[in-house]
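Per-entry structural report
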Amino acid sequence: MAQSGQVADAVRQVTGRAVELVEITTYGDVSREHLAQIGGTGVFVTALREALLRGEVDFAVHSLKDLPTAQPDDLALAAVPPREDARDVLVARDGLTFEQLPDGARVGTGSPRRMAQLNAYARCHGLTVETVPIRGNVDTRIGYVRKGELDAVVLAAAGLNRIGRSEEVTDFLSVDTVLPAPGQGALAIECRAGHTAQDTALIAALAELDDPYTRAAVTAERSLLAALEAGCSAPVGAYADLLADGQIVKEMRLRGVVGTTDGSTLVQLSTTGPVPETYDQAMALGRELAAEMLAKGAAGLMGERAH
Ligand SMILES: NCc1[nH]cc(CCC(=O)O)c1CC(=O)O
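What counts as what
- Residues numbered from 1 in each chain as written.
- Predicted model: local features only at pLDDT ≥ 70, side-chain atom pairs only at ≥ 80, totals over all residues.
- UniProt positions renumbered as here; feature names shortened; annotations may be inferred.
- Helix = DSSP H or I, 4+ residues; strand = E, 2+ residues; numbered from the N terminus.
- Expected span 1.5 Å × (residues − 1).
- Buried ≥ 20, exposed ≤ 12 C-beta atoms within 10 Å, placed from the backbone.
- Arc of directions from axis to C-beta.
- Contact = placed C-beta atoms within 7 Å.
- Core = buried A, V, L, I, M, F, W, Y, C linked by C-beta atoms within 7 Å.
- Pairing = 2+ DSSP bridges.
- Axes fitted to C-alpha atoms, helices over the stretch in contact; angles between N-to-C directions.
- Near = placed C-beta within 6 Å.
- Nonpolar A, V, L, I, M, F, W, Y, C, P; charged D, E, K, R; others polar.
- Domains from an automatic or database assignment.
- Right-handed = clockwise from strand over helix to strand, strands pointing away.

With an unreviewed UniProt entry as reference, the protein is termed Porphobilinogen deaminase, source organism Streptomyces graminofaciens. As recorded by UniProt, the Catalytic activity (unreviewed entry) comment attached to the protein reads in full: "4 porphobilinogen + H2O = hydroxymethylbilane + 4 NH4(+)". As recorded by UniProt, the Function (unreviewed entry) comment attached to the protein reads in full: "Tetrapolymerization of the monopyrrole PBG into the hydroxymethylbilane pre-uroporphyrinogen in several discrete steps."

**Some words on helix α10 (residues 279-295)**
The end-to-end C-alpha distance of α10 is 25 Å, a good match for the 24 Å that 17 residues give at a rise of 1.5 Å each. For α10, the set of buried residues is Ala-282, Leu-285, Gly-286, Leu-289, Ala-290 and Met-293. Seen end-on, α10 carries its buried residues on one side only, within an arc spanning 125 degrees. Within α10, the exposed residues directed more than 90 degrees away from the buried face are Asp-280 and Ala-295. Residues of α10 that are buried make contact with α9 (212-227), β10 (248-259), β11 (266-274) and α11 (298-302). Phi for Gly-297, located one or two positions after α10, is positive at around 95 degrees.

**A closer look at the nonpolar core**
Formed by 76 residues in total, the largest nonpolar core has its most connected members in Ala-152, Ile-189, Ala-220, Leu-228 and Val-258. Sorting elements by how many residues they give to this core places α9 first, with six residues.

**Comments concerning the sheet that holds β10**
Taking strand neighbours across the sheet as the criterion, the three strands line up as β9-β10-β11 in an open arrangement whose pairing is antiparallel. With partners counted over all chains shown, the strands left at the sheet margins are β9 (236-245) and β11, one partner each. Between one strand axis and the next, the sheet turns by 20 degrees as a mean value, whatever way the strands run. Across the face of the sheet, α9 comes into contact with β9 and β10 while running at roughly 145 degrees to β9. Strands β10 and β11 of the sheet are contacted by α10, whose axis makes an angle of about 145 degrees with β11.

**Digging into the site of the ligand**
Around the ligand, the structure places Ser-63, Lys-65, Asp-66, Leu-155, Ala-156, Ala-158, Gly-159, Gln-184 and Gly-185. Where the shell around the ligand is concerned, the elements lending two or more residues are β6 (152-156) and α7 (157-162). Considered class by class, the residues forming the shell around the ligand number three nonpolar, four polar and two charged. Structurally, the shell around the ligand is a two-domain feature, drawing no fewer than three residues from each of domain 1 (1-82 + 185-210) and domain 2 (88-173).

**Some remarks on α9**
Between its terminal C-alpha atoms α9 stretches 22 Å, which fits the 22 Å expected from 16 residues at 1.5 Å a residue. When you tally the buried positions in α9, you get 12 out of 16 residues, the bulk of the element. The set of residues buried in α9 consists of Thr-214, Arg-215, Ala-216, Ala-217, Val-218, Thr-219, Ala-220, Glu-221, Arg-222, Ser-223, Leu-224 and Leu-225. If you follow the buried residues of α9, they end up packed against β9, β10 and α10.

**What about the pairing of strand β5 (residues 129-132)?**
Alternating residues of β5 divide into Val-129 and Thr-131, all buried, and Glu-130 and Val-132, none buried. Note: strand β4 (residues 105-108) against β5, four bridges, orientation parallel. In the sheet register, Gly-108 faces β5, and the bridge partner there is Val-132. Regarding topology, helix α5 (residues 112-124) serves as the crossover connection from β4 to the parallel β5, and that connection is right-handed.

**Re the sheet that holds strand β7 (residues 171-173)**
Backbone hydrogen bonds hold the strands of a sheet together, and the pairing may be parallel or antiparallel. Spatially, β5-β4-β6-β3-β7 is the arrangement adopted by the five strands of the open sheet, whose pairing is mixed. Two strands in the sheet have a free side with no partner beyond their single neighbour: β5 and β7. Direction aside, the axes of adjacent strands within the sheet are offset by 30 degrees on average. Taken together, the two bridges between β4 and β6 define a ladder with parallel strand orientation. Of the residues in β6, the one forming a bridge with Val-107 is Ala-152. The strands that α5 touches are β3 (88-92), β4, β5 and β6; relative to β5, the one it contacts most, it runs at about 170 degrees. Of the strands in this sheet, β3, β4 and β6 touch helix α6 (residues 138-146), which is tilted by about 155 degrees from β6.

**What to know about the pairing of β10**
Within a regular strand, the side chains alternate between the two sheet faces. Sheet analysis places β9 next to β10, joined by 10 bridges and oriented antiparallel. Residue Leu-243 lies in a different strand from β10, and its bridge partner there is Glu-251. Hairpin connection of β9 to β10: two residues between the antiparallel strands, including Gly-246 at a positive phi of 65 degrees. Of the pairings in the sheet, the one linking β10 to β11 comprises nine bridges and is antiparallel in character. Note that in β11 the partner of Arg-255 across the bridge is Ser-270. Turn length for the β10-β11 hairpin, with the two strands adjacent in sequence and antiparallel, is six residues, and the turn residue Gly-263 shows positive phi of about 75 degrees.

Written as C-alpha cells, this is what we have:
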C-alpha cells in the first residue's frame, strides 16, 4: 500500500489523472508457508493480475523482484520507475553490524539467496550463523529481534525505506558482499496490453514514469535469472549498475551469484558491456553471464534446495 500510494502520487503529478487506490490481498501476503516450499512463482502478483484482467483496476504496482520472469502477452510492463536502494540490510539487536554478531548468531531469513551469501560472508570472518526461516510483514519480522527470539533479521532496504522505517537498519549489506535479488528495490507498473484506445493511452501516460537505466538493469538481471532456469526462490543474486567516468556513463556491469545455502560454494561472476539501448541488448547481457556461470557449474549448486 505504501509503494502503491507513492506511485499513485507520481501518476497524478505526471499525468494529471485522478488515481484511486484499490487494496488487494495476495496469497503471498497471507500464507505463512516458506517461499522455498510454495515455489514462490507469482504468489505476490497473481491476485493483482486477475483484478487487472477482470477490469477491476486499470494498473497494478508490484515489487519487480516478485514478478515471474515470463511476461504474459495480455499484460504490459508500462513503467519501471527509478530504483530505490537495492541492498539487503540487517536489523540486529543492540545496533550490531553483521561482523559484530557473535559466533552462532541466529539470523532470520528464509531466502536461499540470503542464506547462501550470509553463510559465505560469515565463513570469511571465521564465524558461523544459524539462519532461521521467517515470514510475515515488517513488524512481524523485526518483532523477532525486539522480543529477543533472534539476534538479527535480513530485509530489503527498499521495503523499509518505503514505509519510513530505515532508521531501524543496523547494517547495510554492500552489494560487494551480498548481491540482491534480481529486480530488488525496483517497482513494476503493469497494465492491460489491450489495443483499445483507452489501454493505449494509459500505457503512453504511465510510460512517463519509466526510467530507462533501471529498466535496462533489471531486464539484464531477470534475463540472467531466466537463463539459469531458476525461480524466484532459487539462491540467485544479481545486480546491474552503471560504470561512469565522471559524469559520463560508460558501461553497464552485471554481477551474478549462485551458491549452496550453507555458503560453502559460490559461483560469482561479472560481465561489463555497453549500456543496453534495447530490450534485446539487455537480455543478451544476462544470457551471456548465465552461460559463463553455467560453464562454472552453477546448475549443480541450484539443484540443492533449502527445506
Ligand atoms: N519477497 C517479498 C518482497 N518483495 C519485495 C520486497 C522488498 C521491496 C523490494 O525489493 O522492492 C520483499 C520483502 C523483502 O525481501 O524483505
